[in-house]
Amino acid sequence: MKIGELIDKLDLEVKTDAGGLEREVDNCYVSDLLSNVMGQASPGAVWITMQGHQNVAAVASLLSLGAVIVGGGAAIEEETLKKARENDITILASAAPVFEIAGRLYAEGLRGAARNA
Amino acid sequence: MCEPFMDLSFDLTAGDFERAGEASGKIKKTLQQIGVSADIVRRVAIGTYEGEMNVIIHSHGGTAKAHIYPEYTVVVLEDTGPGIADIELAVQEGYSTAPDYVRDLGFGAGMGLPNMKSCSDCFEIVSKAGEGTKITMRFAHKKA
Ligand SMILES: Nc1ncnc2c1ncn2[C@@H]1O[C@H](COP(=O)(O)OP(=O)(O)OP(=O)(O)O)[C@@H](O)[C@H]1O
Ligand SMILES: [Mg+2]
């Protein structure tokens, strides 16, 4: 599924689009622990988190993730968006709880793809 | 070949979350530019980021260095203390002394050192309480 379609279906707010709306994504990872994401998320994944600080952009960039969805209405720092723009990271926001977001992505056909480095 | 064809060096400042990830990001970009495969670049990025964050969070500051050879990359993270008293304990999954303020930022799972170990082909910690810590990781550019 294209990120642009996810945005429409889940009514996500686009914080930084980074030219990524045409990107295809098929897997997803949910965690608020950065080194857990580092060790487990797959390249191109959609990462759902309630962290909104700048290290989120660093992690997403280093892992070449497809997009980050900051859920639960969590605040996103301006620095995070700046870093995301610099590194072509798509950041999306939603007021929905992360369980809800994950459930809807699952219903849309996305799956987990945990890997061990 | 014995001489690295490229050396990168970065200063890491304790508590500097603003620039955290810069060293890893630049090392990642350099390896991408010279054509190292995406999977290997990713392993270097993960290992280096975890090491970089540990220096920023747990130490008084230090350096991140990458020595890039044709066949492999060596990443060295060195800091000026306080050192790790019990290395065997520190490398256990889940062990963390991270203070609350960094846990609020999502650090402190106690997975950084285990990630560094599993991403690299060769992993060494030299440390002493009261002195500094030196971590060396080696990444082959082709999987054996
Ligand atoms: N450079 C360092 N100097 C001093 N102590 C360190 C250093 N690196 C790691 N440690 C110690 O080892 C522990 C485990 O490190 P590790 O990276 O595995 O987990 P963490 O940093 O606490 O959490 P995470 O990396 O999952 O965010 C740390 O909590 C800290 O006590
Ligand atoms: Mg760590």
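Residues numbered from 1 in each chain as written. Chains lettered and ligands numbered in written order. Predicted model: local features only at pLDDT ≥ 70, side-chain atom pairs only at ≥ 80, totals over all residues. Heavy atoms only, no water.

**Q** With reference to specific residues and values, describe unusual backbone geometry.
**A** Of note, the amide linkage connecting G81 of chain B to P82 of chain B takes the cis form, showing an omega dihedral of 15 degrees. Looking at the element boundaries, P82 of chain B is found in the loop between β3 (72-79) and α3 (87-90). For S64 of chain A, which is not glycine, the phi torsion reads 50 degrees and is therefore positive. Mapped onto the secondary structure, S64 of chain A falls in the loop between α3 (55-62) and β4 (67-70). (Helix = DSSP H or I, 4+ residues; strand = E, 2+ residues; numbered from the N terminus.)

**Q** Give me the lowdown on the packing of helix α1 (residues 22-33) of chain B against helix α2 (residues 38-58) of chain B, citing residues and values where you can.
**A** All names here are of chain B. Where α1 meets α2, the closest approach of the two axes is 8 Å, and the angle between their N-to-C directions is 160 degrees. With respect to their mutual orientation, α1 and α2 come out roughly antiparallel. Remark: the crossing between α1 and α2 carries right-handed chirality. Mapping the contact onto sequence places E22, A23, S24, I27, K28, L31 and Q32 in α1 and V41, V44, A45, T48, Y49 and E52 in α2. Residues of the contact of α1 with α2, tallied by class, amount to seven nonpolar, three polar and three charged. (Axes fitted to C-alpha atoms, helices over the stretch in contact; angles between N-to-C directions. Parallel < 35°, antiparallel > 145°, perpendicular 65-115°, else oblique. Left-handed = near helix turned anticlockwise from the far one by under 90°. Contact = heavy atoms within 4.5 Å. Nonpolar A, V, L, I, M, F, W, Y, C, P; charged D, E, K, R; others polar.)

**Q** Outline the sheet that holds strand β2 (residues 61-68) of chain B, supporting the account with residue identities and numerical values.
**A** Residues and elements named next belong to chain B. Spatially, five strands are ordered β1-β2-β3-β5-β4 in an open sheet, and the strand pairing comes out antiparallel. At either margin of the open sheet sits one strand with a lone partner, and together these are β1 (6-13) and β4 (122-127). Here the strands of the sheet are splayed against their neighbours by 10 degrees on average, with no regard to which way each runs. Relative to β2, β1 runs antiparallel, the two being bridged by eight bridges. (Pairing = 2+ DSSP bridges.)

**Q** Give me the packing of aromatic side chains: which residues, what numbers.
**A** This model, assessed by the stated rule, comprises three aromatic pairs over all chains. Ring centres of F17 of chain B and F107 of chain B lie 5.9 Å apart, and the angle between their planes is 40 degrees; on these two criteria the pair is classed as tilted. Within this pair, whereas F17 of chain B is found in the loop between β1 and α1, its partner F107 of chain B is found in the loop between α4 (100-103) and α5 (112-119), the two being separated by 90 residues in sequence. Residue classification places F17 of chain B among the buried residues on the basis of a relative accessible area of 11%. Put simply, the rings of F17, Y101 and F107 of chain B touch in pairs and so form one group of aromatic residues. Here the guanidinium or amino end of R111 of chain A rests over the ring plane of Y106 of chain A, the centre of that ring lying 3.6 Å away. The side chain of R138 of chain B reaches across the aromatic face of Y72 of chain B, ending 3.9 Å from its centre. (Phe/Tyr/Trp six-rings, centres within 6.5 Å; stacked < 30°, edge-to-face > 60°. Buried < 20%, exposed > 50% of the residue type's maximum accessible area, 1.4 Å probe, protein only. Lys NZ or Arg CZ within 6 Å of the ring centre and 35° of its normal.)

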